[in-house]
Number of protein chains: 2
Amino acid sequence: MATIGDVARVAGVSRSTVSYALSGKRSLSEDVRGRVAAAVEQLGYTPNAGARALATSQTKVLGLLAQFYDDEFAPAMMQYFLGVSNTARALGYDVLLISEPDGPAALERVLSSRMVDGVVLLNVAEQDARVPVLQQASQPGALVGLPADCRGVDVFDLDFEEAGRLMVEHLHRLGHRELVLLSQPEHVVERGGAYVWRLQDAAREEAVRRGVVLHTAYGPPDQADVSQRIHELLDAHPGATGLLLNNEAAGTALPSVLSARGLRAPDDLSVVGRWSSQFAQYFCLPYSFVESAPDRLGRMAVRQLVKRIENGAAAASEPHVVRLVSPVLDDRGSTSRRP
Amino acid sequence: MATIGDVARVAGVSRSTVSYALSGKRSLSEDVRGRVAAAVEQLGYTPNAGARALATSQTKVLGLLAQFYDDEFAPAMMQYFLGVSNTARALGYDVLLISEPDGPAALERVLSSRMVDGVVLLNVAEQDARVPVLQQASQPGALVGLPADCRGVDVFDLDFEEAGRLMVEHLHRLGHRELVLLSQPEHVVERGGAYVWRLQDAAREEAVRRGVVLHTAYGPPDQADVSQRIHELLDAHPGATGLLLNNEAAGTALPSVLSARGLRAPDDLSVVGRWSSQFAQYFCLPYSFVESAPDRLGRMAVRQLVKRIENGAAAASEPHVVRLVSPVLDDRGSTSRRP
DNA sequence: CTGAAAGCGCTTACAG
DNA sequence: CTGAAAGCGCTTACAG
């Protein structure tokens, strides 16, 4: 592997000159610049990333911490990855993917060994053991998900309260007075998936405010039973004219459930889900939904993170942000005036 | 941030002694070992990964190259990631996630800058521009997917030919004589997704061999039309008693299509898919399927890759492998004797 | 406009 | 059993 010394020798200049030629940090004569470029070309020289990191204390790598659970397929995760990865590259950073079960330990490891200039935490729970680790670290971090303690970190998330209100409001305006909300399985909530109850609680409050009856339920522990759960809910609440889904698997199962019951959306039942447009597209979901915009959240998190990394002292004094993205309803025609 | 020099000072030993104490590469007195441990503890010392990489020429990082396409949701991708990431960590490696659209350039970049000790290529197409880049590199690589040219790389993939034969054989044994196979959209094939026709061609040959009529079709370019495509196929081939799916979206859409037609599996139609068990579980797919085992393939690829990285000279002489994993049919009861 | 030199934080022969 | 020193491949003040 060619080193900067090899390039210098071939070009007949010093190593520092090669370095400056590559970084453009000082002006060089046409002649020297040309000789260096030729030598680089000839030797196929690429700077060694490790050596550069050691000299500059900058790795140009971002850590991406994802939490996986055996009982989750996490279909939105991929979109987060893409949003983070693409944005990072556009800003000159690579992404180190950390998916260890023990998130706090993994975070501590990559941070203290200086493998990364900053981190993005995905799937942040309300009480998330990774957050205090990050708060102690010298590198900045951006979170996707809303923890109880947001000090010293930048936070991005969908405004799930607003999403809950939006879903209820939308159907109330169409004349519906009795709704059912099916959320993720309860174990998602138990491990700190605060977004589930943030949406649910807000939907409940909005329902009360508007005089709408709202029945709420969690998805079954095993997604295989989700069709049955939907059947049970519709059986239990025959007066309900609207179904709200905060559960991707329920969305994919719903067409056959409705078909089995001889129901059609929106004629017999109005339906609103909450998932990403990529998810809707891939699984051909014919329902209106609140867009959860995972790619956008990933992008926002990385932008803010890189800004903090590169602004150095200036950024350190800038206040940290908590940005809750307003949900947008993508109307696919699965809701209509109450029959 | 504490350095090895700080630890040495606090422990009252030399920096090399600290290094040896940490690596265990030479025996030290109880006393010294204890003092070093105490100093490390007291200072919260973690070795700087970049400095270590520079000194050892080993980054302990693996590159993971994934190709994403706008028209794909790639539900299996996540399982590959998990298989790769978990196995890598278990073997002491971190994973750099590379998802740039220009795969060959990205590969060249991380390889020549020595950011990684080796790479795993996902989604390898038959003619894959990343493969020649890898073949020129000094680091080893493992592929998931079967390229035309396998020289100098280790290759892992599901045996899609065998999968195609297995699906046909299974239904033929149950007395079925006319089948329909719905594959991925054609654009997946066009960009080199050889696995699509590897399965399809083998299924065709097996059908001919067994005297079974096999109708084949690609999924629609837009997955949103997949339900309609299934309807069309069933309309066009009323005599078909078995449906084979090499298309995840078709699997999730099928329940409502069957329901709409008043059909039931396996009473009216036998169904066999090809996807991962995680996919089947999350989307509650009630059909028998050939397990595509993405996590297992990821694991195998990483194991082989790490073996090559760490065996050094010994591994270089070892022949490269092309391992096609035999498919396994997970019987969920969606097939039965021909009515 | 260019170069010699120090330094980033490790590891590992070499020496005792 | 332990230490002084060289070296990994860069960058960047410092000097001219």
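Structure's up top.
Residues numbered from 1 in each chain as written. Chains lettered and ligands numbered in written order. Predicted model: local features only at pLDDT ≥ 70, side-chain atom pairs only at ≥ 80, totals over all residues.

Caption draft 1: Main features of the overall build of chain A. What chain A contains, in helices and strands, is 15 helices and 12 strands. Whereas a compact globule of 339 residues would reach a radius of gyration of roughly 20 Å, chain A reaches 26 Å, over 25% beyond that. Among the 339 residues that make up chain A, the fraction classed as buried is 53%. When contacts within chain A are restricted to residue pairs at least 6 apart in sequence, long-range pairs at least 24 apart make up 69% of them. (Helix = DSSP H or I, 4+ residues; strand = E, 2+ residues; numbered from the N terminus. Rg over C-alpha atoms; globule rule 2.2 N^0.38 Å. Buried ≥ 20, exposed ≤ 12 C-beta atoms within 10 Å, placed from the backbone. Contact = placed C-beta atoms within 7 Å.)

Caption draft 2: Representation of the interface of chain B and chain A in the model. The interface of chain B with chain A comprises 46 residues on the first partner and 46 residues on the second. Breaking the side of chain B that touches chain A down by element, the ones donating at least two residues are α4 (49-56), α5 (77-90), β2 (94-98), α11 (226-236), α12 (248-261) and α13 (277-282) of chain B. For the side of chain B that touches chain A, the element with the most residues is α12(B), which contributes 7 residues. Of the residues that constitute the side of chain B that touches chain A, the class distribution is 26 nonpolar, 16 polar and 4 charged. Where strand β2 (residues 94-98) of chain A lies against β2(B), 3 bridges are found, and the strand directions are antiparallel. Considered in β2(B), the bridge of Val95(A) is made with Leu97(B). (Nonpolar A, V, L, I, M, F, W, Y, C, P; charged D, E, K, R; others polar. Pairing = 2+ DSSP bridges.)

Caption draft 3: Quick peek at the sheet that holds strand β7 (residues 213-219) of chain B. All names here are of chain B. A sheet is described by the order of its strands in space; here 6 strands give the open sequence β7-β6-β8-β9-β10-β12, paired in mixed fashion. Two strands bound the open sheet, and with one partner strand each, they are β7 and β12 (328-330). Taken over all neighbouring pairs, the strand axes of this sheet differ in orientation by 20° on average, direction set aside. Here strand β8 (residues 242-245) pairs with strand β9 (residues 270-275) via 4 bridges, running parallel. Among the inter-strand pairings, Leu245 is bridged to a residue of β9, identified as Gly273. Across the sheet, helix α8 (residues 160-173) lies against β6 (178-185), β7, β8, β9, β10 (288-291) and β12, angled at about 165° from β9, the strand it touches most. Strands β6, β7, β8 and β9 of the sheet are contacted by α12, whose axis makes an angle of about 145° with β9. (Axes fitted to C-alpha atoms, helices over the stretch in contact; angles between N-to-C directions.)

Caption draft 4: Just the sheet that holds strand β9 (residues 270-275) of chain A, in detail. Residues and elements named next belong to chain A. If you walk across this open sheet you meet the 6 strands as β7-β6-β8-β9-β10-β12, and the pairing is mixed. With one partner strand each, in any of the chains shown, β7 (213-219) and β12 (328-330) form the two edges of the open sheet. Sheet twist, expressed as the mean angle between neighbouring strand axes with direction ignored, is 20°. In the sheet, strand β10 (residues 288-291) pairs with β12 via 3 bridges, with the strands oriented antiparallel. Across the sheet, residue Phe289 finds its bridge partner in β12, namely Asp330. Against the sheet, helix α8 (residues 160-173) contacts β6 (178-185), β7, β8 (242-245), β9, β10 and β12, and its axis sits at roughly 165° relative to β9.

Caption draft 5: Local environment of the relation of the copies chain B and chain A. If you rotate chain B by 180° and push it 0.0 Å along the axis, it lands on chain A with an RMSD of 0.0 Å. Overall, the copies show the geometry of a two-fold rotation axis. Looking at chain B, 100% of its interface residues are interface residues in chain A too, so the copies touch through the same face. (Least-squares fit on C-alpha atoms with pLDDT ≥ 70 in both.)

Caption draft 6: Spatial organisation of the nonpolar core. Judged by nonpolar contacts, the single largest core of 190 residues is most densely connected at Leu64(A), Val120(A), Leu64(B) and Val120(B). The contacts of Val120(A), once residues within four sequence positions are left out, are Leu62(A), Leu64(A), Leu65(A), Val84(A), Ala142(A), Val144(A), Ala301(A), Val302(A) and Leu305(A). (Core = buried A, V, L, I, M, F, W, Y, C linked by C-beta atoms within 7 Å.)

Caption draft 7: How the structure looks around the pairing of β6(B). All names here are of chain B. Counting buried positions along β6 gives 7 out of 8 residues, so the element sits mostly inside the fold. In this sheet, β7 lies alongside β6 in parallel orientation, the contact comprising 7 bridges. Residue pairing for β7: Glu178 is matched across the bridge by Val213. Here 4 bridges tie β6 to β8, and the two strands are oriented parallel to one another.

Caption draft 8: Representation of the protein's contact with DNA strand C within the structure. The environment of DNA strand C is formed by 29 residues, the closest being Ser16(A), Ile4(B), Ser16(B), Ser19(B) and Ala55(B). When residues of the surface near DNA strand C are traced back to their parent elements, those giving at least two are α2 (15-23), α3 (30-43) and α4 (49-56) of chain A together with α2 (15-23) and α4 of chain B. (Near = placed C-beta within 6 Å.)

Caption draft 9: A look at the environment of Arg9(B). The topology assignment puts Arg9(B) in helix α1 (residues 4-11). Sequence spacing of Arg9(B) and Ala39(B) is 30 residues, and the spatial spacing of their C-alpha atoms is 8.7 Å.

Caption draft 10: Region of interest: the protein's contact with DNA strand D. Around DNA strand D, the structure places 29 residues, and the nearest of them are Ile4(A), Ser16(A), Ser19(A), Ala55(A) and Ser16(B). Of all the elements in the fold, those that place two or more residues in the surface near DNA strand D are α2 and α4 of chain A together with α2, α3 (30-43) and α4 of chain B. A per-element tally of the surface near DNA strand D places α2(A) first, with 6 residues. Tallied by class, the residues present in the surface near DNA strand D amount to 12 nonpolar, 11 polar and 6 charged.

Caption draft 11: Representation of α4(B). Restricting attention to buried positions, one finds in α4(B) the residues Ala49(B), Gly50(B), Ala53(B) and Leu54(B). In an axial view of α4(B), the angular spread of the buried residues amounts to 135°, which keeps them on one side of the axis. Every exposed residue of α4(B) that faces more than 90 degrees away from the buried side is listed here: Ala55(B) and Thr56(B). On its buried face, α4(B) is in contact with α4 of chain A. Just downstream of α4(B) lies Ser57(B), where phi reads positive at about 60°. (Arc of directions from axis to C-beta.)

Caption draft 12: Molecular detail of the packing of helix α1 (residues 4-11) of chain A against α2(A). Residue and element names in this part refer to chain A. One can describe the packing of α1 onto α2 by two numbers: an axis separation of 8 Å at closest approach and a directional angle of 100°. Our classification of the angle between α1 and α2 gives roughly perpendicular. Of the residues in α2, those in contact with Ile4, Gly5, Val7, Ala8 and Ala11 of α1 are Arg15, Thr17, Val18 and Ser19. Per-class residue counts for the contact of α1 with α2 are 5 nonpolar, 3 polar and 1 charged. (Parallel < 35°, antiparallel > 145°, perpendicular 65-115°, else oblique.)

The values reported here are purely geometric and, on their own, carry no functional implication.
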